[in-house]
Amino acid sequence: MSLAVRLLNRPSVLQTYAGSTSCFLHSSTPVNYPEPVEKEMKNFWIKNETLKRPMSPHLSIYSLGISGYPSIVHRITGVGLAVALYGTGWAALCPTTITVTEMADAVMNCASGFGVAGVFAVKMAIAWPIAFHYLNGIRHLAWDTGSGFEIPVFSKTAYAAVVLSIIVSIALCCIKLDKPNIK
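Residues numbered from 1 in each chain as written. Predicted model: local features only at pLDDT ≥ 70, side-chain atom pairs only at ≥ 80, totals over all residues. Heavy atoms only, no water.

1. Description of the packing of helix α4 (residues 68-93) against helix α6 (residues 115-144)
Working step 1: Closest axis-to-axis distance for the α4/α6 pair is 9 Å, and the angle between their directions is 125°. The angle between α4 and α6 falls in the class oblique. α4 and α6 meet at a crossing whose hand is left-handed. Residues P70, V73, H74, T77, G78 and L81 of α4 form the contact with α6, whose own contacting residues are W128, P129, I130, F132, H133, N136, G137, R139 and H140. (Axes fitted to C-alpha atoms, helices over the stretch in contact; angles between N-to-C directions. Helix = DSSP H or I, 4+ residues; strand = E, 2+ residues; numbered from the N terminus. Parallel < 35°, antiparallel > 145°, perpendicular 65-115°, else oblique. Left-handed = near helix turned anticlockwise from the far one by under 90°. Contact = heavy atoms within 4.5 Å.)

Structural data, given as structure tokens:
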């Protein structure tokens, strides 16, 4: 409860934007930082201006570590898989004579025009995001337990998620499914 009261007493973005720097609970008194905090903040900015440091890291000078890329790709594959899932679901709900299986067959027939490489590429484009998102999701679940935050473990699990997802995707792409004889 005390944390909630402290957070509510700080000026929020909306209050600052509205022109009011007063507190939420005590609207008549502005927030005053203690003297040591105010002095430390001024010293921080003076030091950064003296050293000619940028206000914040820029993409041109910031080096993203190995663990950053899988995190970004995890988000991208998650959005892509969600869009594909909802798109397939909506397509299945549309009143049409074509089924989802026939749609998949049409995609594979189109890819087969490019030969084995085309079929493999289409299968890989479907299998890799699923495999990567699944394996990297296991990594994220391990983080939720509080383990795996040491730098060597962090990097090893990032590499493992990428390498294992490629291996699993290739294995899934090599599976040949025969069409069932449904009459």
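2. Some points on helix α3 (residues 35-50)
Working step 1: Look at α3: 22 Å from first C-alpha to last across 16 residues, which is about the 22 Å you get at 1.5 Å a residue.
Working step 2: Burial runs low along α3: only one of the 16 residues are buried.
Working step 3: A positive backbone phi angle near 55° is found at K52, which sits one or two residues after α3. (Expected span 1.5 Å × (residues − 1). Buried < 20%, exposed > 50% of the residue type's maximum accessible area, 1.4 Å probe, protein only.)

3. As for the confidence of the model for the protein
Working step 1: Of the residues in the protein, 77% reach a pLDDT of 70 or more, and the chain-wide mean stands at 80.
Working step 2: Confidence drops under pLDDT 50 across residues 20-26; counting only partners more than four residues distant or on other chains, this segment forms 19 contacts. (pLDDT = per-residue confidence, 0-100.)

4. Concerning the packing of α6 against helix α7 (residues 151-173)
Working step 1: Between α6 and α7, the least distance of the axes is 8 Å, while the angle of their chain directions is 145°. Crossing geometry of α6 relative to α7 is assigned as right-handed.
Working step 2: Looking at the contact of α6 with α7 residue by residue, the class counts come to 18 nonpolar, four polar and two charged. (Nonpolar A, V, L, I, M, F, W, Y, C, P; charged D, E, K, R; others polar.)

5. Describing a nonpolar patch on the surface
Working step 1: Side chains of V37, M41, F44, W45 and M55 sit close together on the surface and give an oily, nonpolar patch of about 510 Å² of accessible area.
Working step 2: When you line up the elements, M41 lands in helix α3.
Working step 3: For M41, a relative accessible area of 36% translates into the label partly exposed. (Patch = residues over 30% accessible without salt bridge, like charges linked within 9 Å, V, L, I, M, F, W, Y side chains within 5 Å. Areas by Shrake-Rupley, 256 points an atom, 1.4 Å probe, with all protein chains shown as cover. Salt bridge = Lys/Arg side-chain N within 4 Å of Asp/Glu carboxyl O.)

6. A closer look at the layout of surface pockets
Working step 1: Reported here for the largest pocket is a volume of approximately 1,000 Å³.
Working step 2: In this structure, the largest pocket is lined by 28 residues; those nearest its centre are A104, M108, K123, I126 and L177.
Working step 3: At the level of secondary structure, the elements contributing two or more residues to the lining of the largest pocket comprise α4, α5 (100-112), α6 and α7.
Working step 4: In terms of residue count, the dominant contributor to the lining of the largest pocket is α6 (eight residues).
Working step 5: Taken together, the residues that form the lining of the largest pocket break down as 18 nonpolar, five polar and five charged. (1 Å grid on protein atoms, 1.4 Å probe; cavity = no way out; pocket = protein on both sides within 12 Å on 5 of 7 lines; lining within 4 Å. Points joined across faces, edges and corners; volume = space filled by probe spheres on them.)

7. Brief notes about the side chain of H74
Working step 1: Summarising the element assignment, H74 is placed in helix α4.
Working step 2: Given the relative accessible area of 13%, H74 is considered buried.
Working step 3: Once you skip the residues sitting within four places of it in the chain, H74 turns out to touch F132, H133, N136, G137 and H140.

8. Thoughts on the packing of aromatic side chains
Working step 1: Summed over all chains, the structure comprises five aromatic pairs.
Working step 2: Their ring planes at 25° and their centres at 5.9 Å tell us that W143 and F149 sit as a pair that is stacked.
Working step 3: Seen in terms of ring centroids, W143 and F154 are 5.0 Å apart; in terms of plane orientation they differ by 20°. Their pairing is stacked. Here W143 is found in helix α6, whereas its partner F154 is found in helix α7, with eleven residues between them in sequence.
Working step 4: Taken together, the ring pairs connect W143, F149 and F154 into an aromatic cluster.
Working step 5: Positioned above the aromatic ring of F154, the side-chain terminus of R139 is 5.4 Å from the ring centre. (Phe/Tyr/Trp six-rings, centres within 6.5 Å; stacked < 30°, edge-to-face > 60°. Lys NZ or Arg CZ within 6 Å of the ring centre and 35° of its normal.)

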